[in-house]
Amino acid sequence: MFSVDRLRILRELAERGTVASVAEALSMTPSAVSQQLKVLAREAGVALLEPDGRRVRLTDAGQALVLRADDVLAAMDRAVAEMANYRGSPRGQVRVASFPSGAALLLPPVLTALTDSGVELVAGDEDLPPSEAWKLLADYDIVLTHRDERAPSLAGPRLAARVLMREPIDVVVAADHPLANRDSVRPEELADETWVSVRGGFPVDDVLESIATVTGVRPRIAQRLNEFRVIETLVASGYGVALMPRFAVAHPDLTVLRLDGVRAARVYEIVTRPQAHRRPAIATVLAAFEAAAEDVLTR
């Protein structure tokens, strides 16, 4: 029989990558983590780890056991949740990571909806590229992330993903910009502009790459910043133009232009472990996010 605690350590190693980081997360010493992994390998009767330079990595058997560990740990979580149901309404703490602009839009109504629910939401703002969002599940129960609408879903064997909403991405210009009297703009009309953009790997930058494909001109990017409030201020001050998610635009001195001829939107996606939604507390938070997103889209 496998120890549930040792399976949890193995999963932590799969997600965190090093024995030292697992030890820190679980308040153990590195030697204790290594010892527990050796015991687990004896229980399995097969090598679970192999050297990788100065570190270790999972063998094929280790990776297979991590998948089964997900099932076992999810079953344990469900058992705890079912016992909670016998005690009354869903209760407990749910850790939620979200990208900053998504948190600004959805977190206030979610927290309002959870008032008096017995569920405590602990929020963290984490700004990782969508391809790396899964790493946050080592520390969070729910991850709210965003991706270009043409990018594939983040769902996989060890991830469950649900789409919350689609948010168009528009062009923003200063009030005195030559395009400021327009409602929309085509990519080829932006070929000579100077851009203020986000770092590579994020949905807004993906749209800028699409513009480059349509125009055949590489965009002239003066600054790369991931804080939309700073981007807005620079654009309003005349330092360039920018792409902005529609619901994130707040500066009063900006003109918003619809982008024609390019699929330009980001998708909000909620990522959890595959069986996490069976925990009543997590299900309650997921429902609150879905309701908040629906309210935004129907305003």
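Residues numbered from 1 in each chain as written. Predicted model: local features only at pLDDT ≥ 70, side-chain atom pairs only at ≥ 80, totals over all residues. Heavy atoms only, no water.

1. Overview of the overall build of the chain
For the chain, the helix and strand inventory stands at 8 helices and 12 strands. Reported as C-alpha extents along the three principal axes, the dimensions of the chain are approximately 70 × 50 × 30 Å. Within the chain, the proportion of its 299 residues that are buried is 44%. The long-range share in the chain, meaning contacts at least 24 apart out of those at least 6 apart in sequence, stands at 76%. Surface accessibility of the chain: about 14900 Å² in total, with carbon and sulfur atoms responsible for 51%. Placing the 35 positive and 41 negative side-chain charges of the chain at their respective mean positions leaves the two points 6 Å apart. (Helix = DSSP H or I, 4+ residues; strand = E, 2+ residues; numbered from the N terminus. Buried < 20%, exposed > 50% of the residue type's maximum accessible area, 1.4 Å probe, protein only. Contact = heavy atoms within 4.5 Å. Areas by Shrake-Rupley, 256 points an atom, 1.4 Å probe, with all protein chains shown as cover. Lys, Arg positive; Asp, Glu negative; His and termini not counted. Charge placed at Lys NZ, Arg CZ, Asp CG, Glu CD.)

2. Description of the UniProt feature "domain: HTH lysR-type" (unreviewed entry) in the chain
Per the UniProt record, "domain: HTH lysR-type" (unreviewed entry) is annotated on residues 2–59. Helix and strand shares over residues 2–59 are 60% and 14% respectively, and the end C-alpha atoms of the span are 18 Å apart. (UniProt positions renumbered as here; feature names shortened; annotations may be inferred.)

3. A look at the packing of helix α1 (residues 4–16) against helix α3 (residues 30–44)
At their nearest, the axes of α1 and α3 sit 9 Å apart, and the two run at 110 degrees to each other. Considering the angle they form, α1 stands roughly perpendicular to α3. You can see that α1 and α3 cross each other, and the crossing is left-handed. On α3, the residues touching R6, L7, I9, L10 and L13 of α1 are V33, Q36, L37, V39, L40 and E43. (Axes fitted to C-alpha atoms, helices over the stretch in contact; angles between N-to-C directions. Parallel < 35°, antiparallel > 145°, perpendicular 65-115°, else oblique. Left-handed = near helix turned anticlockwise from the far one by under 90°.)

4. Observations concerning the nonpolar core
Note that soluble globular proteins tend to have their nonpolar side chains buried in a common cluster. With 29 residues, the main nonpolar core has V171, L190, I231, L243 and L259 as its most contacted residues. Of all the elements in the fold, those that place two or more residues in this core are β6 (160–174), β8 (194–197), α6 (203–215), α7 (228–236), β10 (242–245) and β11 (254–259). Discounting chain neighbours no more than four positions away, the residues touching L259 are I169, V171, V185, P187, L190, V207, I211, L243 and A264. Core analysis: the next-biggest nonpolar cluster, separate from the first, contains 27 residues, V110, L164, I282 and A288 among them. (Core = buried A, V, L, I, M, F, W, Y, C linked by side-chain atoms within 4.5 Å.)

5. Observations concerning the environment of G62
Here G62 is to be found in helix α4 (residues 60–87). Take G62: its relative accessible area is 0%, and that puts it in the buried class. Separated by 14 residues in sequence, G62 and L48 have C-alpha atoms that sit 4.2 Å apart. When residues no more than four places from it in sequence are discounted, the contact partners of G62 are L10 and L48.

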